[in-house]
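One letter stands for each residue in the lines below.
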Amino acid sequence: MKNSIIILILLLIFSNYQIAQKDISFYSEGMKQFHNGDFSRAISNFNQFISQSEVDENLLSSAKLYLGESLLGLEQFDGAISQYEEFVENYPTSNLRELALFRLGNLYFDKKIFEKSREYLVILVNKYPASDYSGSAYHLIGETFIEENDLNKAEQFFSSAVNSKYNNNFVDHSIFSLANVYEKKGEYRKAVEYYDKLLGFHRKSELAAQSQYRIGVCYFELKEYDNAILELSDPLIDELDIDDKNSSDYILANSFYRLKEYNNASDAYKRILNNTPSDDMLNKIRYGLAWINFQQSDYESAYKLFNSLSNSKDDSIAIKSFYWSGEAKRYAGNYNEAIEIHKKFAEKYPNNPLAQRVKLNIGISKFSEKSFDESEESLLQSLKNSDPFTRSKSYTLLGEISLRRKDYAKAKEYFQYGLNISQIPVQLKDRCHLGLGVSNFYLKNSNEAIKNFNSINENDTEIEKSKLYFYRAETNFTLDNFSKSISDYNKTNVEDDQFTNDVIYGKAYSYFNLTDFSKSAYYFNEFIKNASSDKRFNECQLRLGDCYYAQKDFNKASTYYQRALINSAEFSNDERAFFNYGQSLFKSGDSQNAIKVLDQIQLKFPSSNYADDSQYLIGWINFQQNEFDEAIKHYNILFEKYPQSTLLPIALYSIGDAYFNKGEYDQAVSNYNRVISQYPNTPFVYDAVNGIQYCYVVQDKQDDAVNYLRNFINEHQGFDYVDKIQMKIGEIFYSSSQYDLAIIEYEKVVNNYPQSASVSQAYYWMGKSAGLLNDPEKAIPYFEYVKNNSLNSEEGFNSVLELGNIYRTQNNLGNEISLYDEVLNKISDSKRISEIKLAKAQSYIANQQIPSAFQVLQEIVDSKDGSLFYHKAEIELGILELSRNNYEYSLSLFKDVVDGRKDDIAAQAMYYVGLNYFQQKKIPEAITELIKLRSVYTMYDEWYTKSLLLLGDCYVINNDKTNAAEMYKAVLKRHRKNQFAQEANEKLNQL
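What counts as what
Residues numbered from 1 in each chain as written. Predicted model: local features only at pLDDT ≥ 70, side-chain atom pairs only at ≥ 80, totals over all residues. Heavy atoms only, no water. pLDDT = per-residue confidence, 0-100. Helix = DSSP H or I, 4+ residues; strand = E, 2+ residues; numbered from the N terminus. Contact = heavy atoms within 4.5 Å. Core = buried A, V, L, I, M, F, W, Y, C linked by side-chain atoms within 4.5 Å. Buried < 20%, exposed > 50% of the residue type's maximum accessible area, 1.4 Å probe, protein only. Expected span 1.5 Å × (residues − 1). Salt bridge = Lys/Arg side-chain N within 4 Å of Asp/Glu carboxyl O. Disulfide = S-S within 2.5 Å.

## Brief notes about the confidence of the model for the chain
Next, step 1: Across the chain, the average pLDDT comes to 88, with 97% of residues at or above 70.
Next, step 2: No element of the chain has a lower mean pLDDT than helix α1 (residues 2-35), which averages 55, and none a higher one than helix α49 (residues 904-919), which averages 95.
Next, step 3: A low-confidence stretch, residues 1-22 stays under pLDDT 50, and its non-local contacts, those more than four residues away or across chains, total 2 contacts.

## Some remarks on the nonpolar core
Next, step 1: Grouped together as the largest cluster of nonpolar side chains are 114 residues, with contacts concentrated most on F46, F294, F306 and F345.
Next, step 2: Contact partners of F294, with chain neighbours within four places excluded, come to Y299, A302, F306, W324, E327, A328 and Y331.
Next, step 3: Core analysis: the second largest hydrophobic core is formed by 75 residues, F623, Y672, F783 and I827 among them.

## A look at the environment of A100
Next, step 1: Tracing the sequence through the fold places A100 in helix α5 (residues 97-110).
Next, step 2: When the C-alpha atoms of A100 and Y417 are compared, they prove to be 70 Å apart, with 317 residues separating the residues in sequence.
Next, step 3: Not counting residues up to four positions away in its chain, the partners in contact with A100 are L65, Y84, F87 and V88.

## Focus on helix α2 (residues 39-51)
Next, step 1: When the terminal C-alpha atoms of α2 are compared, their 18 Å separation across 13 residues agrees well with the 18 Å that a helix rising 1.5 Å per residue should span.
Next, step 2: Inspection of α2 places F39, A42, I43, N45, F46 and F49 among the buried residues, and these make up the whole buried set.

## So, the pattern of salt bridges
Next, step 1: Under the defined criterion, the tally for this structure stands at 51 salt bridges.
Next, step 2: For D249, the salt bridge identified is with R271, shortest N-O distance 3.2 Å. Taken as a pair, D249 in helix α13 (residues 242-258) and R271 in helix α14 (residues 262-273) lie far apart in primary sequence, 22 residues in all.
Next, step 3: Residue D249 is classed as buried on the basis of its relative accessible area of 2%.
Next, step 4: By relative accessible area, R271 is classed as partly exposed at 35%.
Next, step 5: Connected through shared salt-bridge partners, E155, K185, E187 and K190 make up one network.

## Focus: the state of the cysteines
Next, step 1: Per the stated rule, a full pass over the model turns up 0 disulfides.
Next, step 2: Free cysteine C547: the closest other cysteine sulfur is in C540, separated by 9.7 Å.

## So, α5
Next, step 1: With 14 residues, α5 extends 20 Å between its outermost C-alpha atoms, agreeing within 8% with the 20 Å of an ideal straight helix rising 1.5 Å per residue.
Next, step 2: Where burial is concerned, most of α5 is hidden: 10 out of the 14 residues are buried.
Next, step 3: Among the residues of α5, those classed as buried are R97, L99, A100, L101, F102, L104, G105, L107, Y108 and F109.
Next, step 4: Residues of α5 that are buried sit in contact with α3 (57-73), α4 (77-90), α6 (114-127) and α7 (134-147).

## A short note on the environment of F176
Next, step 1: Structurally, F176 is set in helix α9 (residues 171-184).
Next, step 2: Measuring from C-alpha to C-alpha, the distance between F176 and S211 comes to 7.0 Å, with 35 residues separating the pair along the chain.
Next, step 3: Excluding its chain neighbours within four sequence positions, the residues that come into contact with F176 are Y195, L198, L207, Q210, S211 and R214.

Following this line, the structure appears as structure tokens:
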């Protein structure tokens, strides 16, 4: 039984094997012929295989797929589509279905049935995301959306294609297409990113050169012309075909043109000419070359090219060239020829947008010819056009014509109309703002004018900047913004004759109003030198007199006042200037002529505010020359001629001073008392009281002075200056060394007048008095009060120094340093800081704390504030450095003082220069410096004497005992019993 079953199984196997062998022969033959490209016979074999019954399912599906592939090979696309669609429908689980779907997507794409193409490709990417065809499918789906101009969806699928680089057979194409989508969407930065990506990862791609070219185009669209030039100059561009190479050079030329690199642009255009461009490209190049000539102001060459192009075929370049041929003539100054060309253009192309500009251009031509009436007529007609540029340009020129006619209200109206056009170009907008500002300036609307001028971006504008700066400066001047005026005057091109004198004049007055009289005088002088025929010439001479008067250069002041007031009649009624002229004459030493001018003022301007001033000044001049009787006479004339003058109190007081200086003290007191009785509410009462007490003091009647002041205080408690009179009593006692009595009087100021401004002064002088009474403990709280309450006053600062001296005398270094540190944290005046720091350093030196002294002195020297204490610190630091043989640095410190000063500090520094060389054994150099000190600084005995002693020592080293002895004897002639004499004697005895 078992044997029968085995035989049956073998028969069945053999039977199936026979069938399979039959099926495979048709299938195998068909595949062989397919791979050999014999698609017709392959189709026959595949059909015979398919027609058999009971074939293997897998082989059947494969045969049907390859039947479609064979039909595709024979370019029977419809048959292939039918076969693939049947396969896709009937074999949903076949491994070959991915290929069928991809083929259908491609075939429908080629037939431009994009929706059907996408249908199969979307199935492919959704069902088989890991397929070898999915990346390519994404790309193809993107291409279908490109064909339908759906850029957003195209972007989406190209992005997927780029991200599927491992199953995308043309990933470089996907990157290029994605970049191209961004370019079409105007997203040029993203486009550049992906074109760069293609170049970075697929440099050998057939699209590399195109990518390089497109990057250049993107940068051109971004107006980044430098980058465009860089990219389009890459060697990869040379791999483009001739048409693309010409297009690349065209973009390159335009980039150079935008950067105004006209020669490079011309070279690029000429390269295209050598590459046999198309007719369209040829005309573009010629048009570009015409524009280059135009921009380089070669209007004749530009005209020839534009004219030639205008006669070519009737296209946009020809039309534009016709128009610009007229513009070339206009810019060349051939206005009549320009007008004729523009008229012909309007006749030939009446409906062209450029025809709307013809009336404008005629108006511009007439404007340039200064035929303003004809220009205005044409410009008014051009306002009827709808073109925004034409209308805004017309309004601008109409405004400028009105400015020239000084019809500022009309000009303002036209410029405002121009600004109201929303599409006005920036250049015209700036011209309108400028014109509107100038109009408002002349209409005295200064605040509005400034707004107009500030609306212009001065860094980017193409308008005439000098005009902007000048009128903005003038407007700021009217608003008292003189610093801003100067800034703009400085930016104005003064070589322009239109502005030269006005700019110098404006700067002179701006500095004058800022009270910078030195600079003001410089510019008034410049004006006088350059504008002798200007109507403002004499006015500037007068202002120059004012400048020199303010600088106390009275010689020059009187010279220019004389030129403006005496040598011309223009300012003959300027009473203030005459008064200043009189004062200048006196202060420059010409008293006789000064009095003449002051007399003339009273004759010429008897009702003037300066008449009584002039009379008083005559008396004052006599007083200053010690002609006291004459002074008294003229002060009395003031009372006779000007009984209502406000100067009578001071004149009466001055009469008292004149008698005081004559030694007629009773008469002086009498007149001082008249001030007190007749003018009790004037500040001269205090001066009169002070004068009376001086009359007593100078006669050595101190008690009478004190009694007078005490009586006055008792009788005039409501008097404004009673606290100061109390201070005077303290001063009398202090001056006579009665310090205990001085303290009592100063305490009365503190106790009786606690709100007085003199309180701190009283405390300070109580401290000084206590110090002179050798009672430092009593002095300290007085000085502490002033320091704590009036640190920034003269008394406050001096109190700090007095306290420091007390602590140093007590050897209390801690308190002294703490005092200085406290004060340094509260003051900001650099010179005061240097003085305190110097005291601090000297305290350290006195207490042998040299490292600390070094640090503080170096801080002062580093400050370089140029003060007395800065130079003193240099000497102190130089001495310390010299003590440790740091010759070079110490020498530089001493020499800086010598170069910076001409006083006793310089003499001291020069001595230490000599000592520095002496210690270095550089004796000739030491002698040179010491002789220089001896010659220049004889008035400063200490350093003069020390220089003699050190010179003697130098001669001793040189074994020149004769000169050495002469130096020591010179010391003995000046000093008999002090330490210098003792030292000189010792040195003489040692010779």
